[in-house]
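# Secondary and tertiary structure notes
The residues making up each chain are set out below.
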Amino acid sequence: MTSPAPPSAPAPARPSGAGPYARAAPGDEVLRVEDLAVHFGSPAGQWRRAEPVRAVDGISFTLDAGETLGLVGESGCGKSTTALAVMRLVTPTSGRILFRGQDITTHSRKRMRPLRRNIQIVFQDPHASVNPRLTVNRIVAEPLEVHGIVGTERRARVAQLLRLVGLDPEHGARHPHQFSGGQLQRVGIARALALDPQVLVLDEPVSALDVSIQAQIITLLRQLQDRLGLAYLFISHDLSVVRHISHRVAVMFRGRIVETGDRATVYRSPTHAYTRALLAAVPVPDPDRRRALPA
Amino acid sequence: MGTGAEIVSEPQASEPSPRPVSARRAEPVVSIRDLSVCFDTPDGVVHAVDSVSYDVGPGEIVAVVGESGCGKTVTALTVLGLLPQPPGRVVGGEVRFEGRDLLAASRRELRAIRGAAISMIFQDPQSSLNPVFSIGRQIVDVLRAHDRRLSKADARARTVELLSTVGIPEPASRLGEYPHQWSGGMCQRAMIAMAIANRPRLLIADEPTTALDVTTQAQVLDVLRVAQRETGAAAILITHDLGVVAEMADRVVVMYAGRVVETGSVGAIFHEPRHPYTVGLMASLPRLDGDDDNLDPIPGRPPSLISRPSGCCFHPRCQLRRQRDRCVEQAPVLLEAGRAGHRSACHFHDEVRSEAAGGAAGEVRKGGRPSPAGVAEPVP
């Protein structure tokens, strides 16, 4: 197998000022979500009787170190809201979020801060998720700066991170517009890895990329997981992509998880009608298996 | 042409409904020959389309596939005379539609052709529809723009009929609704209704389902197939999604860096690809079928269209090159490879086939059921 960017650098040293949590051993539970609900909209008042939008309506899952959970569903099913809630970027309406056994559901921003290094996120649109006026070095260094890592250690760490995601550290002085979408997504991944997180929330990380580049990023993510023991919450609308990266899969529909299980089970013998409909709707890249046109 | 009823029924009466695909041997509806298009930018001249040629026969669906920036959309926009000039510039070639040269047509002639003989469906339905006019009004406009004698009432009746063809429930009561009241899938159905309103002979669909969810995509693709079959129109389907290609196309044109690198029947392209780029694309494709979940990405990235690599544009990423100078020195042309109509722009396309037996290209079929040669060909 030819990998586009064999991360041949040695496993990254942990940045100094290690967080409050030691790394989980492979197979240890790092994230647990219990009965999570996120509703939007103000309560009914004199002039409003609108029901709140139940974006996420009671979902539960767990995530182990070194494991990928694929969260798949169509637009509006609540998968991205789930990502934001896990990141504590929206406040859950009810339910609990536990990171390594500690309930972070009601943590204040201040209490979340030291924890953030452990849970990082990669967004869909690589161009929109970086500051166009900063160099790539500065973009990747920003989380280190925020968490008080300075001087030569910071510079060395940035170069190491760029190598880790298959970029040439020489290019760190360039600005985002000089990069392609695929390269910039590598920058986004380097930034997310800067503080050596244990959980990476990947919100449609390859949806904006062309298929040959998409395959490179999927391969990179898998290599990084193997080397760093990361836990991925991989959110996507694309069932084929989720199949290639996940160990377990959860199918979301209207704010709920309608089916969950290990990958082989969900894809080979789906039990929920919605999962079946979703799988049946994906066009198969084989002209011999074209669907018949309904009469 | 007097009443709307006649207009509605007349074409159906004269149309030999679902046209046999063997009509391919007939004169092509559109014939693109050696088309080259450049864009002048502050950074230099972008060679967006370079000597592209392909034909589309009556009733045939030709899929144009390739990654962003490979020139597939620019080619289609040039056919329609919609290329923004400047910065765009047609440097050479011709586009023949039913025998006449579209590149030489006046703006007035083009206006008469667009929306009638040739129509287009764009990627994002919500932004292609005008938000301040009702859906019904927009379709009526398309009908009346090309038939001044059509009365409002007749146009309205035809609009209702069109919307029901594309599967909008209770169309008569929804004519007055606005695009924001419809979902993305419904808006795309309205766009298809609009595109087939004047019974085009050529339908160009540019990523028609890319903005839609997968279950909606399946429905809209079905609507598109029905619409294409009922109008008997030739179709150019521009997409990056190989699943959609396999589902829809009769023939495939694979583009890379502004050039056509391979073309052939859908069966030949999927089961016996003869260009390393096509092989690489298939190996990069995450799929639902099959047991192997390792992807085999193409290394590197598409070249800049301002300073393209010499010789074959794909050579810096090609795994078949093996340091051979010919790939760097000489630009390959499309040559017959294998069965009639299957052409590849690779100096060493014979090796693609030999490797397909067991090597790199064999990966393409991983998990797919074994595909003996000859099964795939939809048409003799």
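Residues numbered from 1 in each chain as written. Chains lettered and ligands numbered in written order. Predicted model: local features only at pLDDT ≥ 70, side-chain atom pairs only at ≥ 80, totals over all residues. Heavy atoms only, no water.

### Quick look at the overall build of chain B
Assigned secondary structure in chain B consists of 14 helices and 12 strands. Among the 380 residues that make up chain B, the fraction classed as buried is 56%. Restricting to contacts in chain B with at least 6 residues of sequence separation, those with at least 24 account for 66%. Accessible surface, chain B: about 15900 Å² in total, of which carbon and sulfur atoms supply 52%. (Helix = DSSP H or I, 4+ residues; strand = E, 2+ residues; numbered from the N terminus. Buried < 20%, exposed > 50% of the residue type's maximum accessible area, 1.4 Å probe, protein only. Contact = heavy atoms within 4.5 Å. Areas by Shrake-Rupley, 256 points an atom, 1.4 Å probe, with all protein chains shown as cover.)

### A word on the overall build of chain A
The number of helices and strands found in chain A is nine helices and 10 strands. Looking at chain A alone, contacts between residues at least 24 apart form 71% of all its contacts between residues at least 6 apart. Taken as a whole, chain A presents about 13000 Å² of accessible surface, with 51% of it coming from carbon and sulfur.

### Brief notes about the domain arrangement of chain A
Residue and element names in this part refer to chain A. As assigned here, chain A comprises domain 1 (24–41 + 52–118 + 199–283) and domain 2 (132–196). Tallying the contact residues gives 14 residues for domain 1 and 13 residues for domain 2. Contact between domain 1 and domain 2 buries roughly 1300 Å² in total, counting both sides, with carbon and sulfur atoms accounting for 69%. At the junction of domain 1 with domain 2, the criterion picks out zero salt bridges. Across the contact surface, domain 1 and domain 2 share two residue pairs in polar contact (both at pLDDT 80 or more). If one sorts the elements of the side of domain 1 that touches domain 2 by residue count, helix H6 (residues 211–228) sits on top with eight residues. Across the side of domain 1 that touches domain 2, the residue classes tally to 10 nonpolar, one polar and three charged. (Domains from an automatic or database assignment. Buried area = accessible area lost by both parts, 1.4 Å probe. Salt bridge = Lys/Arg side-chain N within 4 Å of Asp/Glu carboxyl O. Polar contact = N/O pair within 3.5 Å; in protein donor to acceptor, adjacent residues only side chain to side chain. Nonpolar A, V, L, I, M, F, W, Y, C, P; charged D, E, K, R; others polar.)

### Description of the confidence of the model for chain B
Residues and elements named next belong to chain B. Mean pLDDT over chain B: 83, with 86% of residues reaching 70 or higher. Counting interchain partners and residues more than four positions distant, the pLDDT-below-50 stretch residues 1–24 has 28 contacts. At the level of chain-chain contacts, confidence expressed as ipTM amounts to 0.78, with global pTM at 0.82. (pLDDT = per-residue confidence, 0-100.)

### Remarks on unusual backbone geometry
Residue and element names in this part refer to chain B. Following Gln85, the chain continues into Pro86 via a peptide bond in cis, with omega recorded as -15°. Mapping Pro86 onto the fold places it in the loop between helix H2 (72–79) and strand S4 (88–97). Put simply, Pro86 and Pro87 share a cis peptide bond, and its omega is 5°. By secondary structure assignment, the location of Pro87 is in the loop between H2 and S4. Unlike most non-glycine residues, Glu98 shows phi in positive territory, near 50°. Relative to the elements of secondary structure, Glu98 occurs in the loop between S4 and strand S5 (100–101). Under the relative-accessibility criterion, Glu98 is labelled partly exposed at 40%. Even without a glycine there, the phi angle at Glu170 is positive, about 45°. Mapped onto the secondary structure, Glu170 falls in the loop between helix H6 (152–165) and helix H7 (171–174).

### As for the packing of helix H5 (residues 135–145) of chain B against helix H8 (residues 184–196) of chain B
Residues and elements named next belong to chain B. For the pair H5 and H8, interaxial distance at closest approach is 9 Å and the crossing angle is 20°. Here H5 is positioned roughly parallel relative to H8, judged by the angle of their axes. Where H5 crosses over H8, the two elements pack in a sense that is right-handed. Here Ile135, Gln138, Ile139 and Val142 of H5 lie close against H8, whose contacting residues are Ala190, Ala193 and Met194. Along the lines of polarity and charge, the residues of the contact of H5 with H8 split into six nonpolar, one polar and no charged. (Axes fitted to C-alpha atoms, helices over the stretch in contact; angles between N-to-C directions. Parallel < 35°, antiparallel > 145°, perpendicular 65-115°, else oblique. Left-handed = near helix turned anticlockwise from the far one by under 90°.)

### So, the pattern of salt bridges
Residues and elements named next belong to chain B. Tallying each qualifying case throughout the model produces 23 salt bridges over all chains. Close ionic contact of Arg137 with Asp141 constitutes a salt bridge, the shortest N to O distance being 3.4 Å. Residue Arg137 and its partner Asp141 are both found in helix H5; the two are separated by four residues, about one turn of the helix. Exposure remark for Arg137: the relative accessible area of 41% places this residue in the partly exposed category.

### Section: the interface of chain B and chain A
One widely used convention gives an interface's size as the accessible area the parts lose upon coming together. Contact with chain B, which involves 49 residues of that partner, is made by 42 residues of chain A. Of the roughly 4200 Å² buried between chain B and chain A, counting both surfaces, carbon and sulfur atoms make up 52%. For the chain B face of the interface with chain A, the top three residues by lost area are Glu247(B), Leu288(B) and Asp293(B), together amounting to 16%. Applying the counting criterion to the chain B and chain A interface returns 15 residue pairs in polar contact (both at pLDDT 80 or more). Those elements that place two or more of their residues in the side of chain B that touches chain A are helix H9 (214–231), helix H10 (242–248), helix H11 (266–271) and helix H12 (276–284) of chain B. Of all the elements, H9(B) adds the most residues to the side of chain B that touches chain A, at nine residues. Of the residues assigned to the side of chain B that touches chain A, the class counts are 22 nonpolar, 12 polar and 15 charged.

### Some details on the sheet that holds strand S6 (residues 118–121) of chain B
Residues and elements named next belong to chain B. Spatial strand order, S6-S7-S8-S3-S9-S10-S12-S11: eight strands in an open sheet with mixed pairing. Of all strands in the sheet, those bounded by a partner on one side alone are S6 and strand S11 (335–336). Alignment of S11 against strand S12 (residues 343–344), held across two bridges, turns out to be antiparallel. Bridge assignment links Glu336 to a residue of S12, and that residue is Arg343. Across the sheet, H12 is in contact with strand S9 (251–256) and strand S10 (259–265); its angle to S9 comes to roughly 100°. (Pairing = 2+ DSSP bridges.)

### Comments concerning the pairing of strand S7 (residues 199–203) of chain A
Within a regular strand, the side chains alternate between the two sheet faces. Residues and elements named next belong to chain A. Among the five residues in S7, five count as buried, and that is most of the element. Burial along S7 is two-sided: the face carrying Val199, Val201 and Asp203 and the face carrying Leu200 and Leu202 are both buried. Bridge count for strand S6 (residues 119–122) against S7 is four bridges, and the pairing is parallel. Note on S7: the bridge partner recorded for Ile121 is Val201. Sheet topology note: the S7/strand S8 (residues 231–236) ladder contains five bridges and is parallel.

### With respect to H5(B)
Among all positions in H5(B), only Ile135(B), Gly136(B), Gln138(B), Ile139(B), Val140(B), Val142(B) and Leu143(B) are buried. Buried residues belonging to H5(B) abut H6 and H8 of chain B.

### Points about the packing of H5(B) against H6(B)
Residue and element names in this part refer to chain B. Packing of H5 against H6 brings their axes to within 9 Å, and their N-to-C directions diverge by 115°. By the angle class used here, H5 and H6 are roughly perpendicular. Handedness of the crossing formed by H5 with H6: right-handed. Here Gly136, Ile139, Val140, Leu143 and Arg144 of H5 come into contact with H6, specifically with Lys152, Ala155, Arg156, Arg158, Thr159, Leu162 and Leu163.

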